[in-house]
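A structural walkthrough
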Amino acid sequence: MKVAIVFDSSTGRTRAAAEEMAEVARAAGHECTVRSVQDADPAEVSAADALCVGSWCQGLFVVFQHATTATMDFIDSLDELGGKPAAVFCTYKTAVGGMLPKMAARLESRGADVTGSFKSRGPYAAEGFKDWVESLG
Ligand SMILES: Cc1cc2nc3c(=O)[nH]c(=O)nc-3n(C[C@H](O)[C@H](O)[C@H](O)COP(=O)(O)O)c2cc1C
């Protein structure tokens, strides 16, 4: 399958997590692209068989956590996804609040079937991501 991973990163942790996730996807036999929301082409990402969108966690550490505006705007720029499998992820320090379900709902509003949701406290792929990519077939 062609998997597209897209991320927003300010200081590099989410980028490193996304790059490690791409390696995990390739090790599971998929073709995988990994690009920032600033560089990714929405049409190309929409054309992948499965997609994964991640953001760093922005908030007040215990409340008001959310994905970045650039991440949500990128999701809004995607074509109709017609039930494609998708996942959301974030990196964070203390607590992620409701940001992942909100990202998932936004992707679902583009027609994705969000079947994975992952958070990492550091610059690495979350536990569970390997199972998700392997489940794509
Ligand atoms: C302005 C700001 C707000 C943040 N708010 C939160 C937060 O509400 N909850 C949390 O767990 N981490 C928070 N963090 C920590 C970042 O989400 C975390 O360090 C993340 O891994 C950074 O990713 P990046 O290196 O890709 O930019 C915040 C960081 C900054 C700079």
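All of these numbers come straight from a predicted model, not from anything done at the bench.

1. Structural notes on the environment of Thr71
As for its position among the elements, Thr71 is in helix H3 (residues 69–76). With relative accessibility at 0%, the residue Thr71 sits in the buried group. What Thr71 contacts, discounting residues up to four positions off in sequence, is Asp8, Val37, Val53, Gly54, Ser55 and Met103.

2. Brief notes about the sheet that holds strand S4 (residues 85–91)
Taken in spatial order, the five strands line up as S2-S1-S3-S4-S5 in an open sheet, and their pairing is parallel. In the strand order of this sheet, the two ends are held by strand S2 (31–36) and strand S5 (113–120), each with one partner. The average undirected angle you get between the axes of adjacent strands in this sheet is 15 degrees. Summarising the sheet, strand S1 (residues 2–8) and strand S3 (residues 50–56) pair through six bridges and their orientation is parallel. Opposite Ile5, over in S3, you have Cys52 as the bridge partner. Along the sheet, helix H1 (residues 13–27) contacts S1, S2, S3 and S4; its crossing angle with S2, the most-contacted strand, is approximately 170 degrees.

3. Focus on the pattern of salt bridges
Within the structure shown, the criterion is met by five salt bridges. Its salt-bridge partner being Glu44, residue Arg35 comes within 3.9 Å of it at the nearest N-O pair. Taking the relative accessible area as the measure of exposure, Arg35 reaches 36% and is therefore partly exposed.

4. Regarding H3
Among all positions in H3, only Thr71, Met72, Phe74 and Ile75 are buried. For H3, the angular spread of the buried residues around the axis is 155 degrees, confining them to a single face. Where H3 is buried, its residues contact S1, helix H2 (42–47), S3 and helix H4 (99–109).

5. A closer look at the site of the ligand
Inspection of the region around the ligand gives 18 residues, with Ser9, Thr11, Thr14, Cys57 and Thr94 positioned closest. At 2.9 Å from an oxygen atom of the ligand is found a main-chain nitrogen or oxygen belonging to Lys93. Here an oxygen atom of the ligand and a backbone polar atom of Ala95 are 3.0 Å apart. Its free accessible area being 640 Å², the ligand has 83% of it covered by the protein chains. Most atoms of the ligand, that is more than half of them, are within 2 Å of grid points of the largest pocket. Within the shell around the ligand, the residues separate by chemical class into six nonpolar, 10 polar and two charged.

Calculation criteria
- Numbers given to residues run from 1 along each chain, matching the order in which its sequence is written.
- Thresholds applied to this predicted model are a pLDDT of at least 70 for local features of residues and 80 or more for the giving and counting of side-chain atom pairs; totals over whole chains, interfaces and linings are not thresholded and use all residues.
- Each side-chain value is derived from all of the structure's non-hydrogen atoms; neither hydrogens nor water enter the calculation.
- Going along the chain from the N terminus, every DSSP run of H or I of four or more residues is numbered as a helix, and every run of E of two or more is numbered as a strand.
- For every residue, the accessible area (1.4 Å probe, protein chains only) is compared with the maximum for its type, and the residue is labelled buried under 20%, exposed over 50%, or partly exposed between those bounds.
- The contact criterion used throughout is that any non-hydrogen atoms of two residues lie within 4.5 Å.
- Between any two strands, at least two bridges found by DSSP are needed for them to pair.
- Orientation is described by lines fitted to C-alpha atoms, with helices fitted over the stretch in contact, and by angles between N-to-C directions that extend from 0 to 180 degrees.
- Think of a salt bridge as a Lys or Arg side-chain nitrogen and an Asp or Glu carboxyl oxygen that are within 4 Å of each other.
- The directions from the helix axis to the C-beta atoms are what the arc is built from.
- When at least one non-hydrogen atom of a residue lies within 4 Å of a molecule or strand, that residue is treated as near it.
- Distance and chemistry together define a polar contact, namely a pair of N or O atoms within 3.5 Å, with one atom able to donate a hydrogen and the other to accept it when in protein, and with adjacent residues in sequence counting only for side-chain atoms on both sides.
- In these tables, accessible area is a Shrake-Rupley quantity obtained with a 1.4 Å probe, and a residue counts as shielded only by the protein chains included in the view.
- Lining residues are defined by having an atom within 4 Å of a point belonging to a cavity or pocket. Those points lie on a 1 Å grid over the protein atoms alone, cavities being sets where a 1.4 Å probe fits but cannot get out and pockets being open sets with protein on both sides within 12 Å along at least five of seven lines.
- Whether a molecule lies in a cavity or pocket depends on its atoms, and more than half of them have to be within 2 Å of the grid points.
- In this classification, Asp, Glu, Lys and Arg are treated as charged, Ala, Val, Leu, Ile, Met, Phe, Trp, Tyr, Cys and Pro as nonpolar, and every other residue, Gly included, as polar.

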